[in-house]
Structure formats: C-alpha cells, structure tokens
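As a plain string of letters, each chain reads:
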Amino acid sequence: MTRALFIIGVLCFALPAYAQHETASDIEDGGRVFRQSCANCHGPDGNEIPGIDLGRGVFKSAKTDDDLVRIIQKGVPGTPMPPTNMSEEQAKKVVSYLRSTAASRTTATAVGDAARGKTLFEGKGGCLKCHRANGVGSRIGPDLTRVGQLRRSAELERSLVDPAAEVLPTGRFYRVVTRDGATVTGRLLNIDTFTVQMIDMKEQLRSFTKATLKESGFIPSPMPSFKSTFNTQELADVVSYLVSLKGRVN
Amino acid sequence: MIQGKGRLKAAPTVAILIAVVAAAASLQAQVTFDRILRADREPQNWLSYSGTPFNQRYSPLTQINTANAKNLELQWVWQARSLEKFEATPLVVDGVLYTVQAPNDVVAMDAETGRPFWTTTYAPAPEARTCCGRVNRGLAILGDTLYMGTIDAHLVALDAKTGEILWKKEVASAKERYSITMSPVIVKDKVLIGTAGGDMPTRGQVAAFDAKTGKELWRFFTIPGPGEPGNDTWSGDSWKTGGAAVWNAGAYDPETNLVFFGTGNPQPDWDGRSRLGDNLYSDSVIALDADSGKLKWYYQFTPHDELDYDATQVPLLADIQFRGKPRKVMLWANRNGLMYVLDRVTGEFLHGKAYVKVNWADGFDAKGRPQRVPGMVPSKAGTVIRPHVHGATNWQPPSFSPRTGLFYVAHFENSSTVAVEGEFPRANGINPRQTTMGQINIQNFLNNEDEAYGVVRGYDPNTLEAKWEYKMADITWAGVLSTAGDVVFSGGKEGYFVALDARNGALLWKAALGGQVNAGPMSYAVNGKQYVAIAAGNSLFAFALGR
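These figures come from a predicted structure and were not determined experimentally.

Peer 1: Even after reading the chapter, I still don't get the overall build of chain A, so can you show me in this structure?
Peer 2: The secondary structure content of chain A amounts to seven helices and nine strands. The buried share of chain A, taken over its 250 residues, is 37%. A separation threshold of at least 6 residues defines the contact pool for chain A, and within that pool the share at least 24 residues apart is 66%.

Structure representation (structure tokens):
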C-alpha cells in the first residue's frame, strides 16, 4: 500500500475551525472515533503516513475543515484512504479533535530510547506493580500491551507527569464499603443502577449489589505522577517505550 | 456457606443444601488440573464442558429438587450480540461465568447477575467456513487461562482476569476448510483440540498443545496414512480427504491416562463409492494416550457410513454395576440409532441395541460390528433409511446420574430420510422440515404423528431400555443435565426449558424461553444459591428458586 498517497497537497492549519463551537465532549467523542476508525492507518499521533501529520494540522490537500469532513466521509479516490459511513456530525467531531490536539501539542523535550524506557518502566518506575505489558505485570491498572496504538505520545507523557488530568473511562477506580465495614477498591469494569463490577487490588473479579453497600463511589486513580521520579530524558525514554507497545508479540 | 466472591447479599434464610462443598472456596483460585479432575468436590463450580472429565453432566448440588423445582424463577438473562446459534455451555469458576458469544467472542460475567466483567472480541479470518453454523460449544480453563477453538481453526488462550489474548496457534488451515467448534479438553498441562470440516475434503485430526506456550506436542490423524494400520480401509487416495473430523468434546480417564474422542463421518458423506472399505477411524471412538497421542484402541460404530452418521457425541464415562460386576464403561447413544456400552479400558463391546427405529442394521456380531440389513444403502430410486441423516441424536451432550444409575439422552424418535445415491438425502414424505437443524428462533411446527418427534429418555445402562420418556412435539437439539436433587433439565426446538423428575420423567416445571434450546444445561452456586443456566435463542438464562 502506498501510504503516502492518502491525502493530496500540504497545508498547515486550516482556518474556520469547528473548534470555535465544539464542546469538550465533542472533542472526546471525536478522539474515540479517531482511535477506532483512523488510528489503524494514521497512527495514534496521526503522523504515520509520510507527508501527513494530523495531530499538527499537516494535511496534503485539505484547506478547510469542510475539506477534512468531506475527505473523512468520502475518502480520496485512487488512494488507500477509504470512504467511511460517518455522519457529518461525527466527522466534524473528529476534525475538532484533530484541531484540539494540534493546538495543545507539546513539543518533544527529548528524543526517547524505547529500550532504555523499558528498563525504566520495569525497574525504577515500578510500573508493573499496577500495569501489565505483554503478559507481565499486574492487572490492577489498564493493560498497556497495545497502548502505543491507542494513545498519542503527548497523551502518554501527560499521563506520566499529570495522571489525574485525563483518565480514560477504562482506567477509573471505584471504592465500596460493605455493611460489615470491609473496603474494596479496584478498577471499574462495569456499573449499572443496581450492581457494580470491578477488578480489585488483589486482581479478583468482584461484583457487588449496591443495596448491600454502606458506601460506594469513584475515587481518584492511584497512578502517581512521575514528574520528579524521571528526569526529562528518562521521561522521553518511557514514552518511547510505551509508544512502541503496539500489541502482543508471540 | 460458599465463600464464592465476597458478595454481600444476605444469605438465604433457608438451609443451604449444597451436597458436597469443599472448605470455603477461595476467591478465584487458580484452576489446577487436580481441581478439574475432582470437580465433584466443588459443586458450586463448573470447570469443564460437561462438568468433569467423565462428561456425566451431573451436578452434586441439591438445593433444587423434585419437591421445589416448581418454584424456579428467572434470575437474569444475558443476550448475546450474535445471530448464530448459542451452543456453548458456560464455565463457572468461583462466581465468575465464562461463555462464548458465537462465533468466537469470549465473555466473563458475574454468575449471580449476568453483568459482564469483560468481553474479548475475536474476528475469525474471512475464509473461515463451517458446515452447520458459525458456532462454538464452549471454553476450557486451566490456571488463570481460558482456551477456545475458533471457526478459523485456531486455538486461542486468554487471560481469565482480563480477557487479554495471550497467544493463538493455527491448528489447521481455514483456507483448506478446517474449522473448530468444540470445547478444548484439558489433560494435565496440555490443551487438546480437534478439527471440524469433515463434510469437506479434509483429514480429521486431534492435536495437543502446551497450555502455557501453545507449543504443539503431538498430533493424531483420524485417518491413517500409508503404511499405518487401517490405511487399507480406504480405496485409492480417498484417505487424504476422508473427513473423520473431531468436532465435539472429549473425555479423559486418569486411571488409564486415555483421552477419548468421537470421530465424524467419512467424506464424501452420502456416497461411499469412491472410498471403498470400512474407512477407519471414521464414525468411531478413539482412545489416545494423553501424553503421546498414540492410539490405544478404537471402536467403529458405523463401518463404511453413507448416511453422515458422525460419532461425534460426547463420550460419557461411568463406573457402574454391569451384569452384576463393577465395570468401567463408556455409554454412547449414537447418531446411527444404536446405543452402546463399551469397556473404556479395553474398548471391548459389551452391549448394543437400537434405541430408536433403525432399519439399516439388525444386531451385532460377536465383536460388536453392526450387522447391516441388505439393501439399506443409498440407491438411485432412493431408500428410506432410519434414523434420519441428522440422526437419532447428534452433538448434544447427554447425562448420567450416579444416584439413579440412569443414562439420560435427548434425541429424535421416528426419524427417517430418503438416501439417494450421490445426492444429499431427502426428507421422507412431503414434509421437508420434519427434522431440520437447530435455528435461533422458534419456527412453526407441523409434523404429524407419523413424523419425527423429540424425547428425553432415562436409559438403564444394563439393558439399554428406557425407564421413562418425556415426549415433545418437535425434535430436540438440547443437551441434558441431571442433579443430585434428582432433577433432569433439558429442552428442545420448541423453546421450552423443562425440569423433569430424574426417576420417572414427570414434568416438574417449564419455562418458555422464546428461542430454540441448542445447548446443554449446567448448574452452579454462588453464595449458597444454586443456579441452572441454559442458552436458548441467542441468550443465556439463569434460574434459581424464588424467595
């Protein structure tokens, strides 16, 4: 596949942005759609097709947001960029997401080394105490085996230095107190009006009927900030390692 | 009281009537092979396809019994996102229920509420083809790992805590028309799985994989190659594509270290002229050494089959008094209409008998080979043969209760087909729908009294006579569960799930599930409450006693 043929022409920053009107939830929705429908080819950072860097507003032919919406919906004939079945509203949300990432894009502070990052991840960082990667580590936190496919480097960096800034729904933590006073905390797997399911800190799948609880509710993620644990280079190394995690290798 | 999952609901005020409960099961402990072997010690769990490696599909739980089964109430329903038949039997491990959303998505849910913990989606390769539905009959578990065969002929290992796919191995090529629909069999540290596809030009096989790494350890082909005993039972090169698939659960006997599988029809299914001979080991039970995969004995139920009489029923092992002596047997109600008692140590034929109307065989010789009735083969004009090509029974799992000593089978009665040389067998008469395959939804049913119907029967293994019968209007593709409460559960195409008295077949209770029952029932307990689960339509239902 000639990935370079995706979108034709180059443009930095198109202008009348939907970003002027969108809400935070629009951007979140757009990000979800991007990760599900676009990231497989464009990569989580949107920069895996030569000549295109969606996260920095670098496109080949699009000049306006309307152009982007049209390309998302109809594809680019003669290139591997296929049409989608997205509504105009969905496509606009994706564009809003891309604009927001371009606007907030942090400048890479250092070039990371994934091998060094792996050593830091497993050693100094102690990340495996909560996370799992390629079948090694704890199941308490989200499994990071495919995180490089799902999250952009900027997002990963932010999760490391300011983990509370954005916690994906799959990383939310919950706490229940039973009638006999026992407290159970864990990562939320499922919740409904009457019950709650989680994986607890002992990696047990637990289910509770809310009517039998004294207390229940969300709690902050136990993920610590690594701002003072890692120096700038180490941070870049760990991010590089995380970006390299694209799925289990057997 | 069972310490299932630290759940906090008030314990039922009624006495907890679990027959045998190991000392408080810990929270989701590792499922060792010893636990699988002695699953009878922890009746709150269901650790393999039919409950134990003997495949008796018998639950030692007693809370639900003949006196109170009428009080069964629906506890929860889980609807699959699937339009395929729901044939899987769930596993339950310490309060967590695992099942398969056809074709190959795996779901972990709370066994008390049906609320999902996780779902793992598996997309089979586009070339995956199955003969009879993109189905799956269930998972296996060992340690913290679940195992699933897929319709694109892979074996997949998943983390039971998270659903993460740990590894997947190609068992055979989907492009070459192999698929997998059976639940894997765990033996020690191995996962054993067979290949479906025997209606296509394939060669059946069973392979063993290292449970941790997925490394292949041995492979047994159900059709012997050149130079191997039995290859001369196939004319020409017909052995290369003779079918004899392995597409249903196996059994394991730790005393002999033998694992048993039924094998499918020889291929081409309805025309044996290109594959003259007995066609070993099609339509057989094979006993393999579990460590090496070497064949120790076999018994062929239907030599040179031309009616698609797969012997892919679930092997059921039992220790019974047979003709006054203790005997380690294998009980088998075959698709060909004959029922068998075999010595599972040696493969010796002990007893056989027709259990439905059969006109292609008339008794057995001294070694147990069926005596064919002359002329009862496919012909140009068409020969009416009983039972139907779909059989007397098919893949649905039977049950055995050590309490009643009865062998419970759900099957068709009075079925027949018109066998035409070289063609797909036709319906007998003007009703083409009298013995149709299972579907999801309930369909209008019009059979008259001369046509096929469904039954659940309790057979005495000594005589192979039915002690009782529960008769349904439509046929059945449902399995059977028996319990220590002396209740038998089953169902059928009509969409009823029924509780029967295990000693006389009396109807104790029924529920209309709104879809065909195409699976085997199972039972488990959480926090001292016994549940019975059954799949019907595209949903899984759990019942327990009302308050």
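Peer 1: Any chance you could explain the overall build of chain B here in plain terms?
Peer 2: The helix and strand inventory of chain B stands at one helix and 38 strands. Here chain B has a C-alpha radius of gyration of 22 Å; the compact-globule value for 547 residues is 24 Å, and the two agree. Counting only residues that meet the buried cut, chain B has 59% of its 547 residues in that class. Restricting to contacts in chain B with at least 6 residues of sequence separation, those with at least 24 account for 59%.

Peer 1: Sorry, what's going on with the domain arrangement of chain A here?
Peer 2: The figure often quoted for interface size is the accessible area lost as the parts come together. Residues and elements named next belong to chain A. The domains assigned to chain A are domain 1 (3-104), domain 2 (114-162 + 224-244) and domain 3 (173-219). Measuring from the centre of the C-alpha atoms in domain 2 to the corresponding centre in domain 3 gives 27 Å. Residue-level contacts link four residues of domain 2 with four residues of domain 3. In the side of domain 2 that touches domain 3, the residues fall into one nonpolar, two polar and one charged.

Peer 1: Is there a simple way to explain the interface of chain A and chain B in this structure?
Peer 2: Taken residue by residue, the interface counts 23 residues in chain A and 22 residues in chain B. Contributions of two or more residues to the side of chain A that touches chain B are made by strand 6 (183-191), strand 7 (195-200) and strand 8 (205-209) of chain A. With five residues, the top contributor of residues to the side of chain A that touches chain B is strand 8 of chain A. Partitioned by chemical class, the residues of the side of chain A that touches chain B number five nonpolar, 11 polar and seven charged.

Peer 1: Looking at this structure, I do not really get the pairing of strand 17 (residues 284-289) of chain B. What am I missing?
Peer 2: For a regular strand, side chains alternate in direction, first toward one face of the sheet and then toward the other. Residue and element names in this part refer to chain B. Counting buried positions over the six residues of strand 17 gives five, a clear majority of the element. As paired strands, strand 16 (residues 258-262) and strand 17 are joined by five bridges and run antiparallel to one another. Paired with Val-259 across the bridge in strand 17 is Leu-288. Hairpin remark: strand 17 followed by strand 18 (residues 295-300), antiparallel, with five residues in the connecting loop; positive phi at Gly-293, about 80°.

Peer 1: Would you mind going over the sheet that holds strand 4 (residues 96-101) of chain B with me for this structure?
Peer 2: Paired through their backbone hydrogen bonds, the strands of a sheet run either parallel or antiparallel. All names here are of chain B. Taken together, four strands build an open sheet; the order of strands is 3-4-5-6 and the sheet is antiparallel. Either end of the sheet is taken by a strand with one partner, and the two such strands are strand 3 (91-93) and strand 6 (116-120). Along the sheet, successive strands turn relative to each other by an average axial angle of 20°, direction set aside. Where strand 4 and strand 5 (residues 105-110) come together, six bridges link them in antiparallel fashion. Looking at strand 5, one finds that Val-100 is bridged to Val-106.

Peer 1: Would you take a moment to explain helix 6 (residues 153-161) of chain A for this structure?
Peer 2: Of all the residues in helix 6 of chain A, the buried ones are A:Ser153, A:Glu155, A:Leu156, A:Glu157, A:Ser159 and A:Leu160. Buried residues belonging to helix 6 of chain A abut helix 7 (232-244) of chain A.

Peer 1: I'm lost on the packing of helix 4 (residues 114-122) of chain A against helix 7 of chain A in this one. Help?
Peer 2: Describing two packed helices takes the angle between their axes plus the distance from one axis to the other. Residue and element names in this part refer to chain A. Where helix 4 meets helix 7, the axes come as close as 7 Å, and the angle between the chain directions of the two elements is 100°. Here helix 4 lies roughly perpendicular to helix 7, going by the angle between them. Of the residues in helix 7, those touching helix 4 at Ala-114, Arg-116, Gly-117, Lys-118, Leu-120 and Phe-121 are Glu-234, Asp-237, Val-238, Val-239, Ser-240, Tyr-241 and Ser-244. In the contact of helix 4 with helix 7, the residues fall into six nonpolar, three polar and four charged.

Peer 1: How should the nonpolar core be read in this particular structure?
Peer 2: Within soluble globular proteins, side chains that are nonpolar tend to cluster in buried spots. By size, the foremost hydrophobic cluster in this structure holds 168 residues, and its most contacted members are B:Leu139, B:Ile141 and B:Val259. In terms of residue count, strand 37 (residues 529-536) of chain B provides more of this core than any other element does, six residues in total. Ignoring any residue separated from it by four or fewer positions in sequence, one finds B:Leu139 in contact with B:Leu91, B:Tyr98, B:Val100, B:Val106, B:Leu146, B:Tyr147, B:Met148 and B:Ser183. Residues A:Ile52, A:Leu54, A:Met81 and A:Tyr97 belong to the second largest nonpolar core, which totals 19 residues.

Peer 1: Honestly, the sheet that holds strand 30 (residues 453-460) of chain B in this entry has me stumped. Any pointers?
Peer 2: Residues and elements named next belong to chain B. Taken together, four strands build an open sheet; the order of strands is 26-27-30-31 and the sheet is antiparallel. In the strand order of this sheet, the two ends are held by strand 26 (399-400) and strand 31 (465-472), each with one partner. Relative to strand 27 (residues 407-413), strand 26 runs antiparallel, the two sharing two bridges. Considered in strand 27, the bridge of Phe-400 is made with Phe-407.

Peer 1: Help me understand the confidence of the model for chain B in this model?
Peer 2: Regions with low pLDDT carry predicted coordinates that are not meant to be interpreted in detail. Residue and element names in this part refer to chain B. Mean pLDDT over chain B: 94, with 95% of residues reaching 70 or higher. Of the regions scoring below 50 in pLDDT, residues 1-26 engages in 70 contacts with residues more than four places distant in sequence or in other chains. Scored as a complex, the prediction yields pTM 0.85 and ipTM 0.83.

Peer 1: Where do I start with helix 7 of chain A in this structure?
Peer 2: Every α-helix carries 3.6 residues per turn, so stepping three or four residues along brings you back to the same face. All names here are of chain A. Taking 1.5 Å per residue as the helical rise, helix 7 with its 13 residues ought to reach 18 Å, and the 18 Å between its terminal C-alpha atoms agrees with that figure. For helix 7, a buried count of 10 out of 13 residues is recorded, marking the element as mostly surrounded by other parts of the structure. The complete set of buried residues in helix 7 reads Glu-234, Leu-235, Ala-236, Asp-237, Val-238, Val-239, Ser-240, Tyr-241, Leu-242 and Val-243.

Peer 1: Would you take a moment to explain the packing of helix 6 of chain A against helix 7 of chain A for this structure?
Peer 2: Residues and elements named next belong to chain A. It is the contact of helix 6 with helix 7, at a shortest axis distance of 9 Å, that shows an interaxial angle of 125°. Regarding the angle of helix 6 to helix 7, the classification is oblique. For the element pair helix 6 and helix 7, the recorded crossing hand is right-handed. Seen from helix 6, the contacting residues are Ser-153, Leu-156, Glu-157 and Leu-160; seen from helix 7, they are Leu-235, Val-238, Val-239, Leu-242 and Val-243. Across the contact of helix 6 with helix 7, the residue classes tally to seven nonpolar, one polar and one charged.

Peer 1: Explain the pairing of strand 31 of chain B here, please?
Peer 2: In this sheet, strand 31 of chain B lies alongside strand 30 of chain B in antiparallel orientation, the contact comprising seven bridges. Residue B:Gly454 lies in a different strand from strand 31 of chain B, and its bridge partner there is B:Met472.

Peer 1: Explain the environment of B:Met376 to me, please; I cannot follow it from the model alone.
Peer 2: Residues and elements named next belong to chain B. Mapped onto the elements of the fold, Met-376 is located in the loop between strand 24 (370-372) and strand 25 (383-385). Since 19 C-beta atoms lie within 10 Å of it, Met-376 is described here as partly exposed. Separated by 43 residues in the primary sequence, Met-376 and Ala-419 place their C-alpha atoms 8.9 Å from one another. The contact partners of Met-376, leaving out residues within four places of it in the chain, are Asn-359, Trp-360, Thr-383 and Ile-385.

Peer 1: Please clarify how unusual backbone geometry should be interpreted in this entry.
Peer 2: Negative phi is the rule for most residues except glycine; trans is the rule for most peptide bonds. All names here are of chain B. Residue Ala-102 is joined to Pro-103 through a cis peptide bond whose omega torsion reads 5°. Looking at the element boundaries, Pro-103 is found in the loop between strand 4 and strand 5. Unlike most non-glycine residues, Ala-153 shows phi in positive territory, near 65°. Position of Ala-153 among the secondary structure elements: in the loop between strand 8 (145-149) and strand 9 (154-159). If you check the backbone angles, Asp-308 has positive phi at about 60° while not being a glycine.

Peer 1: Would you take a moment to explain the environment of B:Asp94 for this structure?
Peer 2: Relative to the helices and strands, B:Asp94 is located in the loop between strand 3 and strand 4. Taking the C-alpha atoms as reference, B:Asp94 lies 21 Å from B:Ala211; in sequence the two are 117 residues apart.

Peer 1: Explain the environment of A:Leu235 to me, please; I cannot follow it from the model alone.
Peer 2: Tracing the sequence through the fold places A:Leu235 in helix 7. Apart from residues no more than four positions distant in its own chain, A:Leu235 is found in contact with A:Glu157, A:Leu160, A:Phe226 and A:Phe230.

The rules we used
- As a convention, each chain's residues are numbered from 1 in the sequence order in which they are written.
- Here every chain gets a letter starting at A, and every ligand a number starting at 1, in the order they are written.
- For this predicted model, a pLDDT threshold of at least 70 governs which residues receive local features, and a threshold of 80 or more governs which side-chain atom pairs are given and counted, while totals over whole chains, interfaces and linings are taken from all residues.
- Strands here are runs of E lasting at least two residues and helices are runs of H or I lasting at least four, both read from the DSSP assignment and numbered beginning at the N terminus.
- Here the C-beta atoms are placed from the backbone, and a residue counts as buried if at least 20 other C-beta atoms lie within 10 Å of its own, exposed if 12 or fewer do, and partly exposed otherwise.
- Whether two residues are in contact is decided by their C-beta atoms, placed from the backbone, lying within 7 Å.
- Both definitions apply: the radius of gyration is a C-alpha atom measure, and the globule rule equals 2.2 Å times residues to the power 0.38.
- Domain limits in this description derive from either an automatic procedure or a database domain assignment.
- Only Asp, Glu, Lys and Arg are considered charged in this grouping, and only Ala, Val, Leu, Ile, Met, Phe, Trp, Tyr, Cys and Pro are considered nonpolar; every other residue, Gly among them, is considered polar.
- The rule for pairing is simple: two strands pair if DSSP sees at least two bridges between them.
- Fitted lines through C-alpha atoms serve as axes, helices being fitted only where they are in contact, and the angles separating the N-to-C directions of these axes extend from 0 to 180 degrees.
- Here is the rule for angles: anything less than 35 degrees is roughly parallel, anything more than 145 is roughly antiparallel, 65 through 115 is roughly perpendicular, and the remaining ranges are oblique.
- Connectivity within a nonpolar core runs through C-beta atoms within 7 Å, and the core itself is a set of buried Ala, Val, Leu, Ile, Met, Phe, Trp, Tyr and Cys residues.
- pLDDT gives the predictor's per-residue confidence on a scale running from 0 to 100.
- Multiplying 1.5 Å by the helix residue count minus one yields the expected span of that helix.
- Two helices that cross are described as forming a left-handed crossing if the nearer one is turned anticlockwise from the farther one by less than a right angle, and a right-handed crossing if clockwise.

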